[in-house]
Amino acid sequence: MKAHVISLPHRQDRRDAMDAQCHRLGIEPIYFEATNGKVAFASSDPRPLMQGHFGCLDSHKRLLESIKGTAPYHFILEDDAVLHEEFMNVNLTWMPLEV
């Protein structure tokens with residue numbers, strides 16, 4: 001199974017942790033460059049937390065736009081997700097694993 005992973009390019013620590021989780025569970029991560037809200041939205045809102053929220057929203061929006069119509073299902077994660085050891089044992093019959 002492949003997973004789209006939203007991640008800031010400079011957060012190699014998070015990518016390394018996600019790579020380890022994915023490898024353990026047999027998931028192939030496909031990294032998507034997240035929007036750095038503190039850069040992209042610095043002038044629209046002085047509050048760093050809101051800038052991060054805007055960056056997150058923009059990242060998801062851009063990813064969804066980029067994969068729209070390419071497959072019936074997509075598995076999307078953020079780079080700080082923690083996947084349970086039994087994750088792949090969950091009934092995923094609704095989602096073909098070759099996606």
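Residues numbered from 1 in each chain as written. Predicted model: local features only at pLDDT ≥ 70, side-chain atom pairs only at ≥ 80, totals over all residues. Heavy atoms only, no water.

Visitor: I'd love a proper account of the nonpolar core, names of residues and values included.
Guide: Grouped together as the largest cluster of nonpolar side chains are 11 residues: Met 1, Ala 3, Val 5, Met 18, Cys 22, Leu 25, Ile 27, Phe 75, Leu 77, Leu 83 and Phe 87. Breaking this core down by element, the ones donating at least two residues are strand E1 (2–7) and helix H1 (12–25). Ranked by residue count, the leading element in this core is H1, at three residues. Those residues within four positions of Phe 87 in sequence are excluded, and the remaining contacts are Met 1, Leu 25, Ile 27 and Phe 75. (Core = buried A, V, L, I, M, F, W, Y, C linked by side-chain atoms within 4.5 Å. Buried < 20%, exposed > 50% of the residue type's maximum accessible area, 1.4 Å probe, protein only. Helix = DSSP H or I, 4+ residues; strand = E, 2+ residues; numbered from the N terminus. Contact = heavy atoms within 4.5 Å.)

Visitor: I'd like a description of the layout of surface pockets, backed by residues and values.
Guide: Over the atoms rolls a probe the size of a water molecule, and its path tells where empty space is left. Empty space within the largest pocket amounts to approximately 400 Å³. Looking at the largest pocket, it is lined by 19 residues, and the ones nearest its centre are Leu 8, Arg 14, Ala 34, Thr 35 and Gly 52. Residue assignment for the lining of the largest pocket shows that the elements contributing at least two residues are E1, helix H2 (37–40) and helix H3 (48–67). Partitioning the lining of the largest pocket into residue classes produces four nonpolar, nine polar and six charged. (1 Å grid on protein atoms, 1.4 Å probe; cavity = no way out; pocket = protein on both sides within 12 Å on 5 of 7 lines; lining within 4 Å. Points joined across faces, edges and corners; volume = space filled by probe spheres on them. Nonpolar A, V, L, I, M, F, W, Y, C, P; charged D, E, K, R; others polar.)

Visitor: I'd love a proper account of the side chain of Gln 51, names of residues and values included.
Guide: Locating Gln 51 in the fold gives a position in helix H3. Dropping the residues within four chain positions of it, Gln 51 is found in contact with Gly 37, Lys 38, Phe 41, Ala 42, Asp 45 and Pro 46.

Visitor: I'd like a description of the pattern of salt bridges, backed by residues and values.
Guide: The final tally for this structure, using the stated rule, is six salt bridges. The partner of Arg 14 in a salt bridge is Asp 80, and the shortest N-O contact between them spans 4.0 Å. Here Arg 14 is found in helix H1, whereas its partner Asp 80 is found in the segment after strand E3 (76–78), with 66 residues between them in sequence. For Asp 80, a relative accessible area of 46% corresponds to the partly exposed category. One salt bridge connects Glu 65 with Lys 61, and the closest N-O pair in it is separated by 3.0 Å. Remark: Lys 61 and Glu 65 occur in helix H3; sequence separation between them is four residues, near one turn of the helix. Each member of the salt-bridge network shares a partner with another, and the members are Arg 14, Asp 79 and Asp 80. (Salt bridge = Lys/Arg side-chain N within 4 Å of Asp/Glu carboxyl O.)

Limitation: the analysis is restricted to geometry and does not speak to function.
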